[in-house]
Amino acid sequence: MIPLMVAFPLLFAFVIVILDTLRAKRTLIKAAFLLGVVLPAWVFLTERGREIVGGWNRAAGIEVGISEINAPFIAGELILFTVVALYSIPYFDFRNKKTPKSLALLLLLHAGLMGAFIAGDFFNFYIYMEIASVSAFALVAFSDEKGSKRAAFKYLILSLLASYLFVFAIGIIYMETGYLNVELVAENALPSRELQAALGIAFASLLLKAGVFPLHGWLPDAHSIAPTPVSAVLSGAVVKAPAYGMILLFSALPPRETFREAVMGLAVASVFFGIAGALLQKDAKRLLAYHTVSQMGYVLLGTASMNFVGAAYYAMAHSLFKGGLFLSVGSLGKKSRKLGEFGYRNAPLMAFSVLMLSLAIGGVSPFIGSYAKGIISSGLGGTWKWAVTAGTVGTLVSFTKLNYHLSKGETGDLAPIEKLSALVLALATLCAGLYLGAEPKLSDASYIFAAVLVFFALKFSGVLEREVRGEAKDVGKDVNVLVAVFVTFMLGVLLIQWP
Amino acid sequence: MISPQQAGVLIMLIGIYGLMAKREPIKLVLSINVVSLGLVLFFIGLAYSPEKDVPIMPTDPVDPLPATLMLTTLVVDVAITSLALAIILRMRRDGS
Amino acid sequence: MKMSVVVRTTTKMTSPFLVTYAAYIMLHGHLSPGGGFQGGVILAVAVILLITSHGYRKVRKKFKFNWASLIESSAGAMLVLLGIAGIAFGAFYSNFLPTEGGIILPFNIIVGLEVGAAFTFVFYILLRWVESD
């Protein structure tokens, strides 16, 4: 019964298109949308274990399953998507003829993500990740802002190239072992040079789709220009599917020691690069998008140290707080998005939510961020633990910057659903942290204190006023540069594995 | 002679060169399609060997799985190409 | 985009044969190369051939836009319902018909209809921007 989690959103997506062609009433379409979003949760709460679709045996069938590594990913995505669905019903204007189609695309995104997270088989995972990605491209292109089509085009070309190289690597794995199922590959894999090359190529492709440091060039544009609920789902859930793919890859073909050390170094570089990029931004949503680059570094750190449960819990935590931040900043900044022109001075409930979410993303206990960071750093060696601590302070510095600018401005009217959605996600981070057993620790107050000091020091020294100007190059040159970076990175990964 | 796998990898490299060197969006979409053609050729080469039988009521069949995988990949490629062409039309109309 | 009399008459006469060929490929999918997707593409080509030779507006009056959208989404919904119907017999998408090939034959036909309608629909939308006649 586990594949029903994918079947229900897919069915209701088609039903919405039928209802829209027959010109049904708006309440029917909204009801179909909400049913499609909520029904997978019913299946998730009642089913566990593995199953082969269609009742075949394992070597001939497609395996799906929910285990302790999957469950945090799926739980985070379900909570985030329910809140985003409730937010997006009043957000999209129903007089516009495009709106039922964007609701159908959101349901297809949901079905694709569910299918990717329950997959136990490489090719099945690739197909559902593609369904989710195509819906994401179309949703990014739906927005009416300037530059949205260009951002969608860049995202499309780069993601498609990475997908083709991923399928190429799956082909090499099939040629060497004869199976596509993750467990059967893990049993039958003999160490050979072709399998190491396939591991490197697949890893580099998933790295581009997840938006980690050298290959993040498409991420700030696409995630900041999209409409607000779509940005929340993109940063919260769509970049987690490639992270789950990396977990599948490393559990099937365990990498060697040198490769793992190089990946951990790359993850730490991503954490600090994201923080540095976020400190120099003047646009609120681009700041949050650079933070996604930074937080995916933490997930990669957990994966590379073979601590898959830690990476899964951190991914769930990031879905909750990044989704909440995008929804609240997006609804506060409806007229303009530049920092300093809007804020929460006259909306105390939103201020409370944003402060709670900032503490959660910084890793202050008892929020869920600190629980997840604790699991990740318990799997690391001595020197890498300092990186996690330094990253905590850095994240708090840049969120001090966000709250500082937000506390100085005012905002327009807010619909009650917008205040409620941000508050629900903020409370979810707190309750999840308490449920999983994190206690308040006094030492975390020292992090906040250090972060505030560092922020004011940077502000007085004038570093933060420097303009990072992005010229509007045409989209062809952007794609050329990003593909060249990708190819160079992949050659580097292949050369590391040479001996 | 070159085997189909080597020819497939060569065509993929030609497509990746096209992505790095051309500037107009339609040429980029065409280069992605060339990469996909090379990938399909690589997979077909994996399964084929000249002395085996057709995989229907088989005695010693050719492996049918890579051909099925490639059907699915081609479907994905066609869908994304049509989306990319629609985005290009919209980009031109909005004036850039 | 209207072409000369010779082209128009020829395509009017060969389009039904294309539809027959598409139906043959769909129905023999479990015994010979072919199946749902390939048959569906040929079905779409039958309509697209008429569009390129007769002009967009004339064909659109006969093969309406809403029908293509309706056929596509109802075929998609029927596919998912076929899978859910298999649950009553054991597992999702289990093979419950006792005939030769099982549920592959209805599956091929539904996929063929869906793909044909979808490609026609995509072609209509892309043509709306560049129509000139």
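All values reported here derive from a predicted model rather than from experimental measurement.

Peer 1: What's the story with the overall build of chain A in this structure? I'm lost.
Peer 2: Within chain A, the regular secondary structure consists of 20 helices and 2 strands. In terms of overall dimensions, chain A is globule-like: its C-alpha atoms have a radius of gyration of 22 Å, near the 23 Å expected for 499 residues. Counting only C-alpha atoms and orienting by the principal axes, one finds that chain A spans roughly 60 × 60 × 50 Å. The proportion of buried residues among the 499 residues of chain A is 58%. The contacts of chain A with a sequence gap of at least 6 include a subset with a gap of at least 24, amounting to 80%.

Peer 1: Looking at this structure, how should I read the overall build of chain C?
Peer 2: Along chain C, the regular secondary structure elements total 5 helices and 0 strands. Reading the secondary structure of chain C in the N-to-C direction produces α-α-α-α-α. Counting only C-alpha atoms, chain C reaches 55 × 30 × 20 Å along its principal axes. Residues classed as buried in chain C amount to 32% of the 133 residues present. Partitioning the contacts of chain C with sequence separation of at least 6, the portion at a separation of at least 24 is 75%.

Peer 1: Teacher, can you tell me more about helix H13 (residues 284-304) of chain A here?
Peer 2: An α-helical turn contains 3.6 residues, so a residue and the one three or four places further along point in the same direction. Residue and element names in this part refer to chain A. With 21 residues, H13 extends 31 Å from end C-alpha to end C-alpha; this agrees with the ideal 30 Å at 1.5 Å per step. Extensive coverage of H13 is indicated by the burial of 21 of its 21 residues. One or two steps after H13, the chain reaches Met 306, where phi turns positive at roughly 60 degrees.

Peer 1: Would you explain the interface of chain B and chain C in this entry?
Peer 2: Buried accessible area, meaning the area lost when the parts come together, often serves as the stated size of an interface. Contact residues are listed per partner, giving 7 residues for chain B and 5 residues for chain C. Class assignment of the residues belonging to the side of chain B that touches chain C gives a composition of 6 nonpolar, 1 polar and no charged.

Peer 1: Explain the interface of chain A and chain B to me, please; I cannot follow it from the model alone.
Peer 2: The interface of chain A with chain B comprises 28 residues on the first partner and 27 residues on the second. In terms of residue count, the dominant contributor to the side of chain A that touches chain B is helix H6 (residues 148-177) of chain A (13 residues). Across the side of chain A that touches chain B, the residue classes tally to 21 nonpolar, 3 polar and 4 charged.

Peer 1: So what exactly am I meant to see when it comes to the nonpolar core here?
Peer 2: Here is a general trend for soluble globular proteins: nonpolar side chains tend to be buried in one another's company. Grouped together as the largest cluster of nonpolar side chains are 236 residues, with contacts concentrated most on Ile 16, Val 140 and Leu 161 of chain A. With 19 residues, the top contributor of residues to this core is H6 of chain A.

Peer 1: Looking at this structure, I do not really get the packing of helix H1 (residues 4-21) of chain B against helix H2 (residues 25-47) of chain B. What am I missing?
Peer 2: Packed helix pairs are characterised by how far apart their axes lie and by the angle those axes make with each other. Residues and elements named next belong to chain B. Packing of H1 against H2 leaves a shortest axis separation of 7 Å and a crossing angle of 165 degrees. Considering the angle they form, H1 stands roughly antiparallel to H2. When the axes of H1 and H2 are compared, the crossing they make is left-handed. Among the residues forming the contact of H1 with H2, the class breakdown is 18 nonpolar, 7 polar and 1 charged.

Peer 1: Quick question: what am I supposed to make of the environment of Ala 372 of chain A here?
Peer 2: Residue and element names in this part refer to chain A. Its location among the elements puts Ala 372 in helix H16 (residues 368-378). Separated by 127 residues in the primary sequence, Ala 372 and Pro 499 place their C-alpha atoms 36 Å from one another. With near-sequence residues (within four places) excluded, Ala 372 lies in contact with Gly 310, Tyr 313, Tyr 314 and Ala 317.

Peer 1: Help me understand the packing of helix H5 (residues 122-141) of chain A against helix H11 (residues 240-252) of chain A, please; the structure alone is not making it clear to me.
Peer 2: Residues and elements named next belong to chain A. Axis separation between H5 and H11 bottoms out at 11 Å; the angle between their running directions is 170 degrees. Between H5 and H11, the interaxial angle falls into the category roughly antiparallel. Between H5 and H11, the contacting residues are Phe 125, Met 129 and Ala 132 on the first element and Ala 241, Pro 242, Gly 245 and Leu 248 on the second. Per-class residue counts for the contact of H5 with H11 are 6 nonpolar, 1 polar and no charged.

Peer 1: Would you mind showing me how to read the confidence of the model for chain A here?
Peer 2: As a note on interpretation, predicted positions should not be read in detail where pLDDT is low. Chain-level pLDDT for chain A is 86 on average; 98% of the residues reach the 70-or-more range. For chain A, the element scoring lowest by mean pLDDT is helix H19 (residues 444-460) of chain A, at 79; H5 of chain A scores highest, at 93.

Peer 1: Sorry if this is basic, but what is going on with the environment of Ser 74 of chain C here?
Peer 2: On the secondary structure map, Ser 74 of chain C appears in helix H4 (residues 65-85). Linking Ser 74 of chain C and Glu 114 of chain C, residues 40 residues apart in sequence, is a C-alpha distance of 8.3 Å.

Peer 1: Please clarify how unusual backbone geometry should be interpreted in this entry.
Peer 2: Excluding glycine, residues mostly carry a negative phi; peptide bonds, for their part, are mostly trans. Residue and element names in this part refer to chain A. Positive phi values are uncommon outside glycine, yet Arg 23 reaches one of about 60 degrees. Locating Arg 23 in the fold gives a position in the loop between helix H1 (4-21) and helix H2 (26-46). Using a count of 7 C-beta atoms within 10 Å as the deciding quantity, one classes Arg 23 as exposed. Positive phi, normally seen in glycine, also occurs at Met 306, with a value near 60 degrees. Examined against the element boundaries, Met 306 turns out to sit in the loop between H13 and helix H14 (308-332). Met 306 gets classed as partly exposed once you count the C-beta atoms within 10 Å, which come to 15.

Peer 1: How should the environment of Ile 80 of chain B be read in this particular structure?
Peer 2: In this fold, Ile 80 of chain B is placed in helix H3 (residues 65-93). Its 23 C-beta neighbours within 10 Å are what place Ile 80 of chain B among the buried residues. Note: C-alpha distance between Ile 80 of chain B and Val 29 of chain B (51 residues apart in sequence) is 9.6 Å. If we ignore the near neighbours within four places in the chain, the residues touching Ile 80 of chain B are Val 134, Leu 156 and Leu 160 of chain A.

About the criteria used
- Residues numbered from 1 in each chain as written.
- Chains lettered and ligands numbered in written order.
- Predicted model: local features only at pLDDT ≥ 70, side-chain atom pairs only at ≥ 80, totals over all residues.
- Helix = DSSP H or I, 4+ residues; strand = E, 2+ residues; numbered from the N terminus.
- Rg over C-alpha atoms; globule rule 2.2 N^0.38 Å.
- Buried ≥ 20, exposed ≤ 12 C-beta atoms within 10 Å, placed from the backbone.
- Contact = placed C-beta atoms within 7 Å.
- Expected span 1.5 Å × (residues − 1).
- Nonpolar A, V, L, I, M, F, W, Y, C, P; charged D, E, K, R; others polar.
- Core = buried A, V, L, I, M, F, W, Y, C linked by C-beta atoms within 7 Å.
- Axes fitted to C-alpha atoms, helices over the stretch in contact; angles between N-to-C directions.
- Parallel < 35°, antiparallel > 145°, perpendicular 65-115°, else oblique.
- Left-handed = near helix turned anticlockwise from the far one by under 90°.
- pLDDT = per-residue confidence, 0-100.

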